[in-house]
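# Working through the structure, step by step
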Amino acid sequence: MNPAPFIQPLLALLRAGLALALSPLLLGVINRTKASFAGRNGQPLLQSYYDLWKLLHKGAVYSRTTTWVFRAGPIIGLAAVLAATTLVPLGGLPSTVSFSGDLVLFAYLLGLTRFFTVIAALDTGSSFEGMGASREVTFSALAEPALLLGLAALARQSGSLSLSSIYSSLSFDAWLEVGPMLALVVAALMVVLLAENARIPVDDPNTHLELTMIHEVMVLDHSGPDLAFILYNAALKLWVLSALLAGLIIPIRSGNPWLDGGACLLGMLVIAIIIGIIESSMARLRLLRVPQLLVGASALAVVALILSLR
Amino acid sequence: MINTDIILFLLVLTNLRLLGAGRLGASVRTVAVQGVLLGALALLTHHDHLTVAVLLVALSGMVLKGVVFPWLLFRALREAEVEREVEPFVGPIMSLLAGVAALGASLWLARRLPLPESPNASLLVAVALFSILVGLFLIVTRKKAISQVLGFLVMENGIYAFGVGLVLESPLLVELGVLLDVFVAVFVMGIIIFQISREFDHIDTHELSKLRD
């Protein structure tokens, strides 16, 4: 069943292309789920693609108070997420680029994206955006340990430091053997996914009320292609984190790339639907409660790590 | 067969939930779940030589801790008409972190203790120690008298887990006697909480330290 060796690089490129092409679709799936919960028809599944296309053909407006930092923010952010995309395996299929320790690089590429979003927001000089930046940094400082500790538990369990080999060593047997530990990591990563993508219960992607916005407020001043970059950046971030989660939850490692990849893609669609359900059925947490949720996720990840050390 | 590991693991999660809980009602319910889990633990560890004594200890534990205690505590809460917040001295985030540290410490300690030959004894002792530590922590860091009853129950749960999981032929009378003691304790504490709240309009133990004639 395994393809000939010379096809491997081509397949790796194909997987990278898949992420680039399909990631806005996940946003569409979430929106459609929310719409059907609310009894609406909702926007078309491909709405994110239309939005990206429209924004890319617009001009950008820059305030005179902004500097090059403001213009560099979306570009560097997108570049960092693109680099992170190449590190993430699709289920059992290895990532395009992999080396020992790439999970640390992965976590900090996401951190770099966030850093540039934040300083671009601060660069506008708007106190409103500064408030959003401050909240974003507070929450991400708490979400990052959950991500790193969860990945550390997985790394300890599989005895390797590269995302691709961690994920290829997962199987149904692993779930039978250390199921509780894996379940804890899944729970921690789910919270990280919701926090990193500015989803309910951490942040509401639709809100435009001053006091509740976190992520949305930081990108208020971006327009045209810059906003398109930020939208695409968000879609890719959702893609990479749900790929990590789906690869954990669906441990199908048959060796057939089409079956393994297909199962993982299906899992990602299901995760998008679950996010839609969470957004429809939960209220946003009070700002004071969000750190508790994130520290709770970190605590779960630490328990997973302790269990894996046993 | 369901692995006892899963039950132990759920016990750890209920303890963490207690540390992070913000509402008294949620805490009471979590302690109830913990009681039921302990009964299940007793049944599972002895499932290949199930005797009447084991059944009696497990089922009476389940009924007492899962149904009777929560009912008593909810009644005390209702009659004392207290606010539903936990009001800790140490906030939920620091409590959770302390809990994680306690878990690490009890796993470390359990590995160094000389234990009888028994499957996954190390994990069981660790979870029992962890429950005792969490119970102590709850007693020390919570203001309301009812949280201290809960902390006391969690400590007792830890001791129960220790006894039920390790001692294969635990004397029936001892276990039942302990259960009866705890029952009386919770019953009396429920009444005391009501009396305190009627006398002082609150059940804040912090204020009680300033009592004078």
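Residues numbered from 1 in each chain as written. Chains lettered and ligands numbered in written order. Predicted model: local features only at pLDDT ≥ 70, side-chain atom pairs only at ≥ 80, totals over all residues.

### Some details on the overall build of chain A
Inclusion rule: What counts as a helix is a DSSP run of H or I of at least four residues, what counts as a strand is a run of E of at least two, and both are numbered from the N terminus. Only C-alpha atoms enter the radius of gyration, while the globule expectation follows 2.2 Å times N to the 0.38, with N the number of residues. Exposure criterion: with C-beta atoms placed from backbone coordinates, a residue whose C-beta has 20 or more other C-beta atoms within 10 Å is buried, one with 12 or fewer is exposed, and one in between is partly exposed.
When its secondary structure is counted, chain A shows eleven helices and zero strands. Beginning at the N terminus, the succession of helices and strands in chain A can be written as α-α-α-α-α-α-α-α-α-α-α. In terms of overall dimensions, chain A is globule-like: its C-alpha atoms have a radius of gyration of 19 Å, near the 19 Å expected for 310 residues. Overall, chain A is about 55 × 45 × 45 Å in size when its C-alpha atoms are taken along their principal axes. Buried positions account for 51% of the 310 residues belonging to chain A.

### With respect to the overall build of chain B
Looking only at helices and strands, one finds eight helices and zero strands in chain B. When the helices and strands of chain B are listed from N to C terminus, the series reads α-α-α-α-α-α-α-α. Relative to its 213 residues, chain B shows a buried fraction of 42%.

### A closer look at the packing of helix H11 (residues 290–309) of chain A against helix H4 (residues 92–112) of chain B
This is how it is decided: Note on method: axes are straight lines fitted to C-alpha atoms, helices fitted across the in-contact stretch only, with angles between N-to-C directions ranging 0 to 180 degrees. Any angle from 65 to 115 degrees is called roughly perpendicular, while one under 35 is roughly parallel, one over 145 is roughly antiparallel, and all others are oblique. Contact between two residues is assigned whenever their backbone-derived C-beta positions fall within 7 Å.
Viewed as axis vectors pointing N to C, H11(A) and H4(B) meet at an angle of 5°, and their least axial separation amounts to 9 Å. When the axes of H11(A) and H4(B) are compared, the pair comes out roughly parallel. Residues Pro291(A), Gln292(A), Val295(A), Gly296(A), Ala299(A), Val302(A), Val303(A) and Ile306(A) of H11(A) form the contact with H4(B), whose own contacting residues are Pro92(B), Ile93(B), Leu96(B), Val100(B), Leu103(B), Gly104(B) and Leu107(B).

### Points about the interface of chain A and chain B
Interfaces are often sized by the accessible area lost when the parts come together. In plain terms, the rule: Put simply, Ala, Val, Leu, Ile, Met, Phe, Trp, Tyr, Cys and Pro go in the nonpolar bin, Asp, Glu, Lys and Arg in the charged bin, and everything else, Gly too, in the polar bin.
Facing ten residues of chain A, the contacting portion of chain B comprises 13 residues. Counting residues per element, the side of chain A that touches chain B draws most heavily on H11(A), which supplies eight residues. Here the side of chain A that touches chain B is composed, by residue class, of seven nonpolar, two polar and one charged.

### A look at the nonpolar core
Rules: Take the buried Ala, Val, Leu, Ile, Met, Phe, Trp, Tyr and Cys residues, join any whose C-beta atoms are within 7 Å, and the set you get is a nonpolar core.
Of all hydrophobic cores here, the largest spans 158 residues; its most connected members are Val185(A), Ala188(A), Val192(A), Leu294(A), Ala301(A), Val303(A) and Ala304(A). No other element matches helix H9 (residues 225–249) of chain A, which puts 19 residues into this core. For Val303(A), the contacting residues outside a window of four places in its chain are Leu184(A), Val12(B), Val100(B) and Leu103(B).

### Re helix H5 (residues 127–158) of chain A
Residues lying three or four places apart along an α-helix face the same way, a consequence of the helix completing one turn every 3.6 residues. Cut-off, in case you're wondering: Here the expected length of a helix is defined as 1.5 Å per residue gap, with one fewer gap than residues.
Taking 1.5 Å per residue as the helical rise, H5(A) with its 32 residues ought to reach 46 Å, and the 46 Å between its terminal C-alpha atoms agrees with that figure. Note on H5(A): the residue one or two positions beyond its end, Gly159(A), has a positive phi of about 70°.

### Focus: unusual backbone geometry
In most cases, non-glycine residues show a negative phi, while peptide bonds are predominantly trans. All names here are of chain A. Across the junction of Ile 200 and Pro 201, the peptide omega takes the value 10°, indicating a cis bond. Its location among the elements puts Pro 201 in the loop between helix H7 (172–196) and helix H8 (215–218). With a phi close to 55°, Ala 198 is a non-glycine residue in the positive phi region. Within the element layout of this structure, Ala 198 appears in the loop between H7 and H8. Residue Ala 198 is classed as buried on the basis of its C-beta count, with 20 C-beta atoms lying within 10 Å.

### A word on the environment of Ser169(A)
Residues and elements named next belong to chain A. Along the polypeptide, Ser 169 turns up in helix H6 (residues 163–169). Residue classification places Ser 169 among the partly exposed residues on the basis of 16 C-beta atoms within 10 Å. Residues Ser 169 and Gly 92, 77 residues apart in the sequence, show an inter-C-alpha distance of 7.9 Å.

### Details of the packing of helix H3 (residues 68–85) of chain A against helix H4 (residues 102–123) of chain A
All names here are of chain A. Spelled out, the test is: Handedness of a helix crossing follows the sense of rotation of the near helix relative to the far helix, less than a right angle counterclockwise being left-handed and clockwise being right-handed.
Interaxial distance between H3 and H4 falls to 8 Å at its minimum, and their mutual angle equals 165°. In terms of their interaxial angle, H3 and H4 are classed as roughly antiparallel. Two packed elements cross with a definite hand, and for H3 against H4 that hand is left-handed. Contacts between H3 and H4 pair Val 69, Phe 70, Ala 72, Gly 73, Pro 74, Ile 76, Gly 77, Ala 80, Val 81, Ala 83 and Ala 84 from the former with Phe 106, Leu 109, Leu 110, Leu 112, Thr 113, Phe 116, Thr 117, Ile 119, Ala 120 and Asp 123 from the latter.

### Overview of the environment of Leu245(A)
Residue and element names in this part refer to chain A. Mapped onto the fold, Leu 245 is located in helix H9. Here Leu 245 falls in the buried class, since 20 other C-beta atoms lie within 10 Å of it. Put simply, Leu 245 and Ile 271 are 26 residues apart on the chain and 8.3 Å apart in space, counted from C-alpha to C-alpha. Apart from residues no more than four positions distant in its own chain, Leu 245 is found in contact with Val 186, Leu 189, Met 190, Leu 193 and Ile 271.

### Some remarks on the confidence of the model for chain A
To keep things clear, this is the line we draw: You can read pLDDT as the predictor saying how much it trusts each residue, on a scale of 0 to 100.
Summing up the model confidence of chain A, the mean pLDDT is 88 and the portion of residues at 70 or higher is 96%. Averaged pLDDT values for the elements of chain A fall to 84 in H8(A) and rise to 94 in H3(A).

### With respect to helix H10 (residues 257–281) of chain A
Residue and element names in this part refer to chain A. Between its first and last C-alpha atoms H10 spans 36 Å; for 25 residues at 1.5 Å apiece the expected length is 36 Å, and the two agree. Every buried residue of H10 is accounted for by Pro 257, Asp 260, Gly 261, Ala 263, Cys 264, Gly 267, Met 268, Ile 271, Ala 272, Ile 275, Gly 276 and Glu 279. Residues of H10 that are buried in the fold lie against helix H1 (8–37) and H9.

### A look at the environment of Pro44(A)
Residue and element names in this part refer to chain A. Tracing the sequence through the fold places Pro 44 in the loop between H1 and helix H2 (47–56). Given 12 C-beta atoms within a 10 Å radius, Pro 44 is considered exposed. Put simply, Pro 44 and Asn 31 are 13 residues apart on the chain and 8.9 Å apart in space, counted from C-alpha to C-alpha.

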